[in-house]
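The primary structure of each chain is shown beneath.
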Amino acid sequence: MIGESAPKLKFMKEILESCPYQEMERDWANSDGHHYFALKKGIDEYLFFCRYDLPGKGFWFGSYDGSRPEYEVTVYDAWNCIEKETLTVKEIESNHLLPIKAWRAYRLKRKI
């Protein structure tokens, strides 16, 4: 069991290091400290992680002024240590909410 954690932690570290994490801050609107958490760099970049499925709940991202910036979204399966897919926001949901799915990490980069 303990040996199974090392690859998952290494994978999560690689995801974190692929972001400008030194410039990011905790996103309090998308963190509960136990089930899910998020980092953000303004509205330009986000990193979300989910520990459990939370049906009906989602991560909020983007601008609060009503504009609809586009993002490239990379979805990672942290449990199986694989990059699942790259999506655009329009392919996810029209209401700017990403679903909270167990052991998923989402990296969003604003398209400029």
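Structure first, text after, so check above.
Below: a short report on this structure. (Residues numbered from 1 in each chain as written. Predicted model: local features only at pLDDT ≥ 70, side-chain atom pairs only at ≥ 80, totals over all residues. Heavy atoms only, no water.)

Some details on the environment of N80
- One can find N80 in the loop between β5 (71–77) and β6 (82–88).
- Looking at N80, its side chain comes within polar contact range of the side chain of D77, at 2.8 Å. (Helix = DSSP H or I, 4+ residues; strand = E, 2+ residues; numbered from the N terminus. Polar contact = N/O pair within 3.5 Å; in protein donor to acceptor, adjacent residues only side chain to side chain.)

Let's talk about the environment of P20
- Mapped onto the elements, P20 comes out in the loop between α1 (2–17) and β1 (25–26).
- Given the relative accessible area of 17%, P20 is considered buried.
- As a C-alpha pair, P20 and Y46 span 26 residues in sequence and 9.9 Å in three-dimensional space.
- Apart from the residues lying within four places of it in its own chain, the contact partners of P20 are K41, E45 and R107. (Buried < 20%, exposed > 50% of the residue type's maximum accessible area, 1.4 Å probe, protein only. Contact = heavy atoms within 4.5 Å.)

What about the pattern of salt bridges?
- Tallied over the full model, the rule gives six salt bridges.
- Here E23 ties to K41 by a salt bridge, and the two come within 2.6 Å at their closest N and O atoms. Here E23 is found in the loop between α1 and β1, whereas its partner K41 is found in strand β2 (residues 36–41), with 18 residues between them in sequence.
- The partly exposed category is assigned to K41, whose relative accessible area is 31%.
- Between D44 and R110 there is a salt bridge whose closest N-O contact spans 3.1 Å. Taken as a pair, D44 in the loop between β2 and β3 (45–50) and R110 in strand β8 (residues 104–110) lie far apart in primary sequence, 66 residues in all. (Salt bridge = Lys/Arg side-chain N within 4 Å of Asp/Glu carboxyl O.)

Examining the nonpolar core
- Formed by 14 residues in total, the largest nonpolar core has its most connected members in F48, F59, F61, V73, L98, Y106 and L108.
- At the level of secondary structure, the elements contributing two or more residues to this core comprise β2, β3, β5 and β8.
- The next biggest cluster of nonpolar side chains, apart from the first, holds ten residues, and it includes C19, M24, L47 and A78. (Core = buried A, V, L, I, M, F, W, Y, C linked by side-chain atoms within 4.5 Å.)

Thoughts on the packing of aromatic side chains
- Counting across every chain of the model gives eleven aromatic pairs.
- Taking 5.6 Å as the distance between ring centres and 45 degrees as the angle between the ring planes, the aromatic pair formed by F37 and F49 counts as tilted. With F37 in strand β2 and F49 in strand β3, this residue pair connects regions lying twelve residues apart in the sequence.
- Taken together, the ring pairs in this structure connect Y36, Y46, F48, F59, F61, Y71 and Y106 into an aromatic cluster.
- Stacked on the ring of W79, the Lys or Arg K8 has its end atom at 4.4 Å from the ring centre. (Phe/Tyr/Trp six-rings, centres within 6.5 Å; stacked < 30°, edge-to-face > 60°. Lys NZ or Arg CZ within 6 Å of the ring centre and 35° of its normal.)

What to know about the pairing of β3
- Most of β3 is tucked away: six of the six residues are buried.
- Every second residue of β3 is oriented toward a common face, with E45, L47 and F49 on one face and Y46, F48 and C50 on the other, all of them buried.
- Summarising the sheet, β2 and β3 pair through six bridges and their orientation is antiparallel. Its bridge partner being in β3, Y36 is matched across the sheet by C50.
- The turn joining β2 and β3, which pair antiparallel and follow one another in sequence, is formed by three residues; a positive phi near 60 degrees is taken by G42. (Pairing = 2+ DSSP bridges.)

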